[in-house]
Amino acid sequence: MTLTDRFLKYVSYHTTSDENTGMTPSTPGQMEFAHALKTELESMGLTDVSLDQNGYLMATLPANTDAADRKPVIGFIAHMDTSPDASGKHVQPRIVKNYNGKDILLNEQEAILLETEKYPEILRYIGQDIIVTNGKTLLGADDKAGIAEIVTAMEYLIQHPEIKHGKVRIGFTPDEEIGQGADHFDVQKFAADWAYTMDGGTIGELEYENFNAASCKIVVKGVNVHPGSAYHKMRNSMRIAYQLAVMLPRWETPEHTQGYEGFYHLIGMQGTVEETTLTYIIRDHDRARFESRKHEMEHLVRKVNREYGDETATITIRDQYYNMREKIEPVMHVVELAEKAMKEVGVTPKVQPIRGGTDGARLSFEGLPCPNIFAGGENFHSRFEYLPIQSMEKAMQVILKIIELC
């Protein structure tokens with residue numbers, strides 16, 4: 001099976017994750033996909049193939065070198081779920097051959113266009129073959145491209161025993177998109193010296209810095225009274241919640257920040273007069289600023305309570321992951337190896353911070369150094385997601401070259 005065929009097969013599985021189910025994996029489609037992958041890995045000839053009750057799939061490509069020639073055990077990791085930010089059901093991919101640099105009509109019936117004016121990055125891929133959606137779902141390159149690249153690389157090494165390599169471990173996780181991908185990952189069982197997540201975007205991306213991340217939920221209680229007799233009695237929780245929200249710095253939001261700049265991001269708001277819930281994510285690369293942002297949220301809640309009475313607003317903050325940089329810097333050879341591999345296969349490394357997170361961030365803090373490498377897609381989490389096939393092929397070549405160089 002070719003790399004492209006494998007990817008197109010994988011995106012047919014509906015694996016959108018859901019943070020509200022309280023299960024792991026959070027949705028049944030992820031376990032269905034995991035079972036199919038398990039069967040595929042076994043049929044390829046990988047060993048130690050295991051799938052646990054939480055949907056974590058691991059396997060081994062045994063070393064084919066002399067036992068005396070001890071090579072490090074390296075791993076490659078990708079996630080099976082897709083983002084709940086856009087539908088991942090009934091994905092209908094299409095290959096645009098030899099892209100001509102013009103707008104792409106994704107859906108004729110609904111006149112959905114992938115416009116170069118809105119997404120000028122696509123012009124980098126003129127002359128290449130690009131996989132797109134029908135404009136109604138995401139594609140799933142995040143991170144099924146990563147899975148396809150890893151599996152195809154393992155298949156290639158099995159078919160080419162003349163390429164000598166050490167032991168390679170691969171792992172596929174559920175629920176990365178809802179911040180739970182490393183929750184039940186058994187680092188000791190994985191038993192790699194270090195690993196790479198194949199979960200980046202644009203060709204050349206190589207990342208070992210990411211946001212410190214927290215989720216924040218604020219619940220505002222109100223008092224409902226008939227509006228005709230509400231004078232000095234009603235307390236509208238929605239209005240109080242809005243008052244709290246606008247006290248945050250206006251420009252410290254995702255749409256106004258870039259690079260190393262952090263933000264507060266309101267991702268959900270549900271309410272009635274009686275009760276309103278605000279859901280935020282808090283992000284910053286700098287740990288001190290990250291802690292300051294959390295303190296600021298708590299300060300605003302105290303301020304609301306001083307005005308409207310104790311327990312009007314309650315806040316819950318949960319740290320999700322931290323910047324892996326502090327764990328990678330002592331072992332920078334793992335980043336340098338990836339840089340060297342990219343250059344040897346004709347890819348220019350783009351070392352940059354992730355304005356997000358990967359499973360590798362938490363795994364690095366659990367003793368498995370784990371930088372992030374590009375999978376090749378663009379516009380992740382969007383109906384306008386696309387994947388240049390040549391970028392996916394280069395990502396697979398990087399995997400092979402890393403293994404060869406170890």
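It should be emphasised that the depicted structure is a prediction, and the values quoted were computed from it without experimental measurement.

Here we look at the overall build of the chain
And step 1. Counting its regular elements, the chain contains 10 helices and 17 strands.
And step 2. For 406 residues, the compact-globule estimate of 2.2 N^0.38 gives 22 Å, and the chain sits close to it at 23 Å.
And step 3. When the backbone C-alpha atoms are referred to their principal axes, the chain occupies close to 85 × 50 × 35 Å.
And step 4. Here the analysis covers contacts within the chain between residues at least 6 apart in sequence; of these, 78% occur between residues at least 24 apart.
And step 5. Within the chain, one finds 42 positive and 59 negative side-chain charges whose respective centroids are separated by 2 Å.

Remarks on the sheet that holds strand β12 (residues 263-271)
And step 1. An order of β12-β13-β11-β14 is seen for the 4 strands of this open sheet, with the pairing classed as antiparallel. In this open sheet, the two edge strands, each paired with only one partner strand, are β12 and β14 (313-321). Averaged over all neighbouring strand pairs, the angle between strand axes comes to 15 degrees, with direction disregarded.
And step 2. As paired strands, strand β11 (residues 212-221) and β14 are joined by 8 bridges and run antiparallel to one another. In the strand pairing of β14, Ile218 is matched with Ile315.
And step 3. Sheet contacts for helix α5 (residues 237-246): β11, β12 and β13 (275-284); angle to β13, the most-contacted strand, approximately 15 degrees.

Considerations on the sheet that holds strand β16 (residues 372-374)
And step 1. An order of β1-β2-β8-β3-β9-β16-β10-β15 is seen for the 8 strands of this open sheet, with the pairing classed as mixed. Each having just a single partner strand, β1 (47-51) and β15 (350-351) make up the two edges of the open sheet.
And step 2. Inspection of the sheet shows strand β10 (residues 205-207) paired to β16 by 2 bridges, in the antiparallel sense. Considered in β16, the bridge of Glu207 is made with Asn372.
And step 3. Packed onto the sheet, helix α3 (residues 141-159) meets β2 (57-61), β3 (74-79), β8 (168-173), β9 (194-200) and β16 and runs at close to 145 degrees relative to β3.

Thoughts on the pattern of salt bridges
And step 1. A complete count under the given rule lists 19 salt bridges for this structure.
And step 2. Close ionic contact of Arg362 with Asp183 constitutes a salt bridge, the shortest N to O distance being 2.5 Å. Residue Arg362 is found in helix α9 (residues 359-365), and its partner Asp183 is found in the loop between β8 and α4 (187-190); the two are separated by 179 residues along the sequence.
And step 3. Note on Asp183: relative accessible area 36%, which makes it partly exposed.
And step 4. Between Glu275 and Lys221 there is a salt bridge, with the nearest N and O atoms lying 2.4 Å from each other. Of this pair, Glu275 sits in strand β13 while Lys221 sits in strand β11, and the two are 54 residues apart along the sequence.
And step 5. Overall, Glu275 belongs to the partly exposed group, its relative accessible area being 34%.
And step 6. Overlapping salt bridges, with partners in common, bring together Glu252, Asp284, Arg289 and Arg293 in one network.

What about the nonpolar core?
And step 1. Phe7, Leu41, Phe76, Met154, Phe172, Ile373 and Ile402 are the most contacted members of the largest nonpolar core, which totals 73 residues.
And step 2. Residues contacting Ile402, with those up to four places away along its chain left out, are Ile74, Phe76, Tyr196, Leu337, Ala338, Ala341 and Ile373.
And step 3. One finds Ala214, Phe290, Leu300 and Val304 within the second-largest nonpolar core, a separate group that totals 20 residues.

Thoughts on the environment of Met297
And step 1. Mapped onto the elements, Met297 comes out in helix α6 (residues 287-308).
And step 2. The exposure class assigned to Met297 is buried, which follows from its relative accessible area of 1%.
And step 3. For the pair Met297 and Ala395, spaced 98 residues apart in the sequence, the C-alpha separation amounts to 40 Å.

Focus on the state of the cysteines
And step 1. Per the stated rule, a full pass over the model turns up 0 disulfides.
And step 2. With no disulfide of its own, Cys370 lies closest to Cys406 among cysteine sulfurs, the gap being 13 Å.
And step 3. Judged by its relative accessible area of 0%, Cys370 is buried.
And step 4. On the basis of relative accessibility, which here comes to 17%, the residue Cys406 falls in the buried class.

What counts and what doesn't
Residues numbered from 1 in each chain as written. Predicted model: local features only at pLDDT ≥ 70, side-chain atom pairs only at ≥ 80, totals over all residues. Heavy atoms only, no water. Helix = DSSP H or I, 4+ residues; strand = E, 2+ residues; numbered from the N terminus. Rg over C-alpha atoms; globule rule 2.2 N^0.38 Å. Contact = heavy atoms within 4.5 Å. Lys, Arg positive; Asp, Glu negative; His and termini not counted. Charge placed at Lys NZ, Arg CZ, Asp CG, Glu CD. Pairing = 2+ DSSP bridges. Axes fitted to C-alpha atoms, helices over the stretch in contact; angles between N-to-C directions. Salt bridge = Lys/Arg side-chain N within 4 Å of Asp/Glu carboxyl O. Buried < 20%, exposed > 50% of the residue type's maximum accessible area, 1.4 Å probe, protein only. Core = buried A, V, L, I, M, F, W, Y, C linked by side-chain atoms within 4.5 Å. Disulfide = S-S within 2.5 Å.

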